[in-house]
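Take a look at the letters that make up each chain.
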Amino acid sequence: MTPASRAQSALRPAEALIQPGAEEASAVPEAPATIAAGRAFRTSMLLGVLGLASALFVITRLFESWRVSSGPTSHVVSVFGQRLSYPAANAGAVVVTALAGLGLLMVGAAAWGLARELLADRRFRMALRARSPMPLHQASVFNDERPQAFCAGLVHPRVYLSTGALELLDGPALEAVLAHERHHASRHDPLRLACGRVLAAGLFFIPSLAHLVERQHALAEISADESALRTSGGDPSALASAMLSFSQASEADAFGVDAERVDHLLGERTQWRFPVGLCIATAAVLSLLIGVAVLAAQVAAGSATLAPPFLSSQPCIAVLAMIPAAAGLTGLAYLRARRAPRAMAPTKS
């Protein structure tokens, strides 16, 4: 039996199990976990944008503080009769350069994180297309014996189910899983979490921001559980059955049941406090970064030539050649990362 025929054979009983119109959730006010997840997302975005804006600010101070020319420099030293150039800077220029270096690290880390997210999303979508997914009630079913259910796609999120999940779940459990994953898709949770990870990578010196993104992920899962509960009329048995079935059938993949989600199904309200301390501490660090850059830039003065320090008093062609060489190396690294094989390991939610 081909993969397509196996998927079709799994679709037929699933179509009969799902009740018509079960995928349509009624318009109700947002649940507490949904509100908390939205606040966590907006907080991480605000802190991340402020951090990257601070990085760009200190980088602009670098260009304003230094004078770079292509002509010979007056800062030379003679060694064995050879005149060698060197850059000259006062303390303010040194401070601005150090802060700009931190800003470049922040921007570079964020850019690398963004490239990783985009490449991972592209590889994942290509791997899914190779399995020829088939439509089922606003979802796509692909052939895989492992029980899997997830929402994938940054720009156009979509729900995916494996044939193993269709064979494992009964009707109510399958409806609960579909409602859970559709909630992720409707709120663009893959994109939200990817943005949070990118900005957390940029603000690598603030570990609490990464914890905030992890908390956002946990709240997004509980929010999707709340949507599944509304679909089942408040009965947690269907969703609990699905979670238990996935856990028992996926031991090899180390997929366990989240204790917080279980507590939520049992009626315990999710506790989440707005991270006021994190916001104040981050704002203080970024304000200090900008303040020091402003004060140092007022007295900063530095000069250099295009020649590498201590090598020549004249402009160096090698320095100009470094620009296309660096661009070429970056392109090769991108192509290598793009072609690297990567097993499809979707995140179960």
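Quick note: structure is the one above.
A brief report on the enclosed structure follows. Keep in mind it's a predicted model, so treat the numbers as computed, not measured. (Residues numbered from 1 in each chain as written. Predicted model: local features only at pLDDT ≥ 70, side-chain atom pairs only at ≥ 80, totals over all residues. Heavy atoms only, no water.)

### So, the overall build of the protein
Regarding its fold elements, the protein presents 11 helices and nine strands. Out of the 349 residues belonging to the protein, those deemed buried represent 43%. The contacts of the protein with a sequence gap of at least 6 include a subset with a gap of at least 24, amounting to 74%. Looking at the protein as shown, the accessible area adds up to about 18700 Å², and 64% of this sits on carbon and sulfur atoms. (Helix = DSSP H or I, 4+ residues; strand = E, 2+ residues; numbered from the N terminus. Buried < 20%, exposed > 50% of the residue type's maximum accessible area, 1.4 Å probe, protein only. Contact = heavy atoms within 4.5 Å. Areas by Shrake-Rupley, 256 points an atom, 1.4 Å probe, with all protein chains shown as cover.)

### Some thoughts on the environment of Arg39
Positionally, Arg39 belongs in helix H2 (residues 32–65). Distance in space between the C-alpha atoms of Arg39 and Pro275 is 9.9 Å, their sequence separation being 236 residues.

### Some details on the pattern of salt bridges
Under the counting rule described, the total for this entry stands at seven salt bridges. A salt bridge links Glu117 to Arg197, with the nearest nitrogen and oxygen atoms 2.8 Å apart. Note that Glu117 is positioned in helix H3 (residues 91–130) and Arg197 in helix H6 (residues 189–202), a separation of 80 residues in sequence. The partner of Asp225 in a salt bridge is Arg261, and the shortest N-O contact between them spans 2.8 Å. Of the two residues, Asp225 sits in helix H7 (residues 207–231) while Arg261 sits in helix H9 (residues 259–265), which places them 36 residues apart along the sequence. Of the residues examined, Arg261 reaches a relative accessible area of 9% and is grouped as buried. Within the structure, one salt-bridge network assembled from shared partners comprises Arg131, Asp144 and Arg146. (Salt bridge = Lys/Arg side-chain N within 4 Å of Asp/Glu carboxyl O.)

### Structural notes on the sheet that holds strand S8 (residues 158–162)
Taken in spatial order, the four strands line up as S5-S6-S8-S7 in an open sheet, and their pairing is mixed. The strands lining the two open edges of the sheet, one partner per strand, are strand S5 (134–135) and strand S7 (149–152). Relative to S8, strand S6 (residues 139–142) runs parallel, the two being bridged by four bridges. Directly across from Val141, in S8, lies its bridge partner Leu161. (Pairing = 2+ DSSP bridges.)

### As for the packing of H2 against H7
Look at H2 against H7: their axes get within 8 Å of each other, and the N-to-C directions meet at 155°. Looking at the two axes, H2 sits roughly antiparallel to H7. Viewed along their axes, H2 and H7 form a crossing whose handedness is left-handed. Facing Pro32, Ala33, Thr34, Ala36, Ala37, Ala40, Phe41, Thr43, Ser44 and Leu47 of H2, the residues of H7 in contact are Leu209, Leu212, Gln216, Leu219, Ala220, Ile222, Ser223 and Glu226. (Axes fitted to C-alpha atoms, helices over the stretch in contact; angles between N-to-C directions. Parallel < 35°, antiparallel > 145°, perpendicular 65-115°, else oblique. Left-handed = near helix turned anticlockwise from the far one by under 90°.)

### Quick look at H6
Relative to the 20 Å expected for 14 residues at 1.5 Å per residue, H6 spans 20 Å between its end C-alpha atoms, a close match to the ideal helical length. Within the span of H6, buried status applies to Asp189, Pro190, Leu193, Ala194, Gly196, Val198, Leu199, Ala200 and Gly202. On its buried face, H6 sits against H2, H3, S7, helix H5 (171–186) and H7. (Expected span 1.5 Å × (residues − 1).)

### Let's talk about H7
With 25 residues, H7 extends 37 Å from end C-alpha to end C-alpha; this agrees with the ideal 36 Å at 1.5 Å per step. Where H7 terminates, the next one or two residues include Gly233, which has phi positive at roughly 75°.

### A short note on the pairing of strand S9 (residues 302–305)
Burial along S9 is two-sided: Gly302 and Ala304 facing one way and Ser303 and Thr305 facing the other are all buried. Pairing analysis gives two bridges linking strand S4 (residues 88–89) to S9, with the strands arranged antiparallel. Paired with Ala89 across the strands is Gly302, a residue of S9.

### A short note on a nonpolar patch on the surface
A grouping of Val95, Leu288 and Val292 is seen on the molecular surface, where their side chains present a nonpolar patch of about 230 Å² in accessible area. Tracing the backbone shows Val292 in helix H10 (residues 276–299). (Patch = residues over 30% accessible without salt bridge, like charges linked within 9 Å, V, L, I, M, F, W, Y side chains within 5 Å.)

### Details of the pairing of S8
Extensive coverage of S8 is indicated by the burial of four of its five residues. Here S7 pairs with S8 via four bridges, running antiparallel. Bridged to Ala149 within S8 is Leu161. Hairpin connection of S7 to S8: five residues between the antiparallel strands, including Gly153 at a positive phi of 120°.

### Some details on the packing of aromatic side chains
This structure, assessed with the given rule, holds four aromatic pairs. Ring plane angle 55° and centroid distance 5.5 Å describe the contact between Phe124 and Phe150, whose orientation is recorded as tilted. One end of the pair, Phe124, is in helix H3; the other, Phe150, is in strand S7, with 26 residues separating them in the sequence. Each member of the pair Phe124 and Phe150 is classed as buried. For Phe150, a relative accessible area of 1% puts it in the buried group. Above the face of the Phe41 ring, Arg192 is positioned so that its terminal group lies 4.6 Å from the ring centre. (Phe/Tyr/Trp six-rings, centres within 6.5 Å; stacked < 30°, edge-to-face > 60°. Lys NZ or Arg CZ within 6 Å of the ring centre and 35° of its normal.)

### Considerations on the nonpolar core
Membership of the largest hydrophobic core comes to 17 residues, with the highest contact counts inside it found for Leu161, Leu166, Leu169, Leu174, Val177, Leu178 and Phe246. Where this core is concerned, the elements lending two or more residues are S6, S7, S8, helix H4 (163–168), H5 and helix H8 (237–249). Among the elements that make up this core, the one with the highest residue count is H5 (five residues). Leu47, Ala200, Leu209 and Leu278 belong to the second-largest nonpolar core, a separate cluster that totals 15 residues. (Core = buried A, V, L, I, M, F, W, Y, C linked by side-chain atoms within 4.5 Å.)

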